[in-house]
Amino acid sequence: MPGSGKSTVGRQLGRRLGLPFFDSDHVIEQRIGCRIREFFEREGEAAFRDIEQEVLRDLTSGDSRVVATGGGAVLRAANRAQLRGQGQVIYLRSAPEELYRRVRHDTNRPLLQVDDPLARLRALYAERDPLYREAAHFVTETGRPSVPTLANMIIMQLELAGLLPARP
């Protein structure tokens, strides 16, 4: 979801694991040569989702890495299958009210530039939460922990699942 901490936590997780970090939205903007918002307005959602699907396929192929996706990446079944099949997907789950607290003053989130952003977040959550859960191997409740604490929680989940060597 917007404001759940995907990029911030992903960057910290990459550092902690010694893996490269990629934000799929940044990669998309590099590929299309403009801001996603502009492309979305000019070309439409379907064209954007096509490029997003290509970028996710590229980012999930090859060496290990940490990838933060855009919140809408799960809207396509092909993306959910690609993500789940090519790595370990962590769903950073936050209640809509918590997300609103974090993003209420952020004017760079086009989906939330509406009269009632909290209602919009609730609607997005209702639509997307089942899709995030379908794609995810792990669900991490974000609440109010710090970014380092969230990264530690994810690392512990991965260690307990036998996906990382246990720390001494």
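Residues numbered from 1 in each chain as written. Predicted model: local features only at pLDDT ≥ 70, side-chain atom pairs only at ≥ 80, totals over all residues. Heavy atoms only, no water.

### Comments concerning the overall build of the chain
Counted only if it meets this: Helix and strand definitions follow DSSP, with helices as H or I runs of at least four residues and strands as E runs of at least two, each counted in order from the N terminus. The atom set for the radius of gyration is the C-alpha atoms, and the globule formula is 2.2 Å times the number of residues raised to the power 0.38. Exposed residues in this analysis have more than 50% of their type's maximum accessible area, buried residues have under 20%, and partly exposed residues fall in between, with area computed by a 1.4 Å probe over protein chains only. Contacts are assigned to residue pairs that have any heavy atoms within 4.5 Å of one another. Within this scheme the basic residues Lys and Arg register as positive and the acidic residues Asp and Glu register as negative, but His and the chain ends are omitted. Note on charges: their place is set at NZ of Lys, CZ of Arg, CG of Asp or CD of Glu.
Regarding its fold elements, the chain presents eight helices and four strands. Taking 168 residues into account, the globule formula puts the C-alpha radius of gyration at 15 Å, and the chain, at 16 Å, falls close to it. C-alpha atoms of the chain, sized along the principal axes, occupy 50 × 35 × 25 Å. Within the chain, the proportion of its 168 residues that are buried is 40%. Restricting the contact set of the chain to residue pairs at least 6 apart, pairs at least 24 apart contribute 67%. Within the chain, the 22 negative side-chain charges are centred at a point lying 5 Å from the centre of the 25 positive side-chain charges.

### A look at the packing of aromatic side chains
Selection criterion: Any pair of Phe, Tyr and Trp rings, taking the six-membered ring for Trp, is counted once the centres come within 6.5 Å. Such a pair is stacked with planes under 30 degrees apart, edge-to-face with planes over 60 apart, and tilted for the rest.
For the structure on display, the rule yields two aromatic pairs. Taking 5.4 Å as the distance between ring centres and 55° as the angle between the ring planes, the aromatic pair formed by Phe-40 and Phe-48 counts as tilted. Taking the relative accessible area as the measure of exposure, Phe-48 reaches 4% and is therefore buried. Between Tyr-91 and Tyr-132 the ring centres are 4.9 Å apart and the planes differ by 40°, which places this aromatic pair in the tilted class. Remark: Tyr-132 occurs in helix H7 (residues 117–135) and Tyr-91 occurs in strand S3 (residues 90–93); sequence separation between them is 41 residues. Relative accessible area serves as the criterion here: at 8%, Tyr-132 is assigned to the buried category.

### What to know about the pairing of strand S4 (residues 138–141)
This is how the line gets drawn: Here, a strand pair is defined by DSSP locating no fewer than two bridges between the strands.
The side-chain alternation of S4 yields one buried face, formed by Phe-138 and Thr-140, and one unburied face, formed by Val-139 and Glu-141. The pairing of S3 with S4 spans four bridges and is classified as parallel. Counted as the bridge partner of Leu-92 is Thr-140 from S4.

### Things to note about the packing of helix H1 (residues 6–17) against helix H8 (residues 147–160)
Note the following rule: In this analysis, axes come from line fits to C-alpha atoms, helices being fitted only over the stretch in contact, and the angle between any two N-to-C directions falls in the range 0 to 180 degrees. Roughly parallel means an angle under 35 degrees; roughly antiparallel, over 145; roughly perpendicular, 65 to 115; everything else is oblique. Crossing handedness is read from the near helix: turned anticlockwise from the far helix by less than a right angle, it gives a left-handed crossing, and turned clockwise, a right-handed one. Three classes are used: nonpolar for Ala, Val, Leu, Ile, Met, Phe, Trp, Tyr, Cys and Pro, charged for Asp, Glu, Lys and Arg, and polar for all others, with Gly counted as polar.
As a packed pair, H1 and H8 sit with axes 9 Å apart at the nearest point and diverge in direction by 60°. When the axis of H1 is compared with that of H8, the two are oblique. Handedness of the crossing formed by H1 with H8: right-handed. When H1 is examined against H8, the residues Thr-8, Val-9, Gln-12, Leu-13, Arg-16 and Leu-17 are found in contact with a partner set consisting of Val-147, Pro-148, Leu-150, Ala-151, Asn-152, Ile-154 and Ile-155. Residues belonging to the contact of H1 with H8 are distributed by class as follows: nine nonpolar, three polar and one charged.

### Structural notes on the environment of Pro-165
With respect to the element layout, Pro-165 can be found in the segment after H8. Its relative accessible area of 68% is what places Pro-165 among the exposed residues. Expressed as a C-alpha distance, the spacing of Pro-165 and Ala-119, which sit 46 residues apart in the sequence, is 42 Å.

### What to know about helix H4 (residues 45–59)
For clarity, the threshold we go by: The span one expects for a helix is its residue count, reduced by one, times 1.5 Å. Directions are taken from the helix axis to each C-beta atom, and the arc is the one they span.
Counted at 1.5 Å a residue, the expected span for H4 with its 15 residues is 21 Å, and the 20 Å between its end C-alpha atoms agrees. Of all the positions in H4, only Phe-48, Arg-49, Ile-51, Glu-52, Val-55, Leu-56 and Leu-59 are classed as buried. Around the axis of H4, the buried residues are gathered within 165° of arc, so they sit on the same side. On its buried side, H4 packs onto strand S1 (21–23), helix H2 (24–32), helix H3 (36–43), strand S2 (66–68), helix H5 (77–86) and H7.

### Brief notes about the packing of H2 against H4
To describe two helices that pack against each other, one gives the angle between their axes and the distance between the axes. Contact pair H2 / H4: the axes reach a minimum separation of 10 Å and the direction vectors enclose 115°. The orientation of H2 relative to H4 falls into the category roughly perpendicular. For the element pair H2 and H4, the recorded crossing hand is right-handed. Residues Ser-24, Val-27, Ile-28, Arg-31 and Ile-32 of H2 lie in contact with H4, whose contacting residues are Phe-48, Ile-51, Glu-52, Glu-54, Val-55, Leu-56, Asp-58 and Leu-59.

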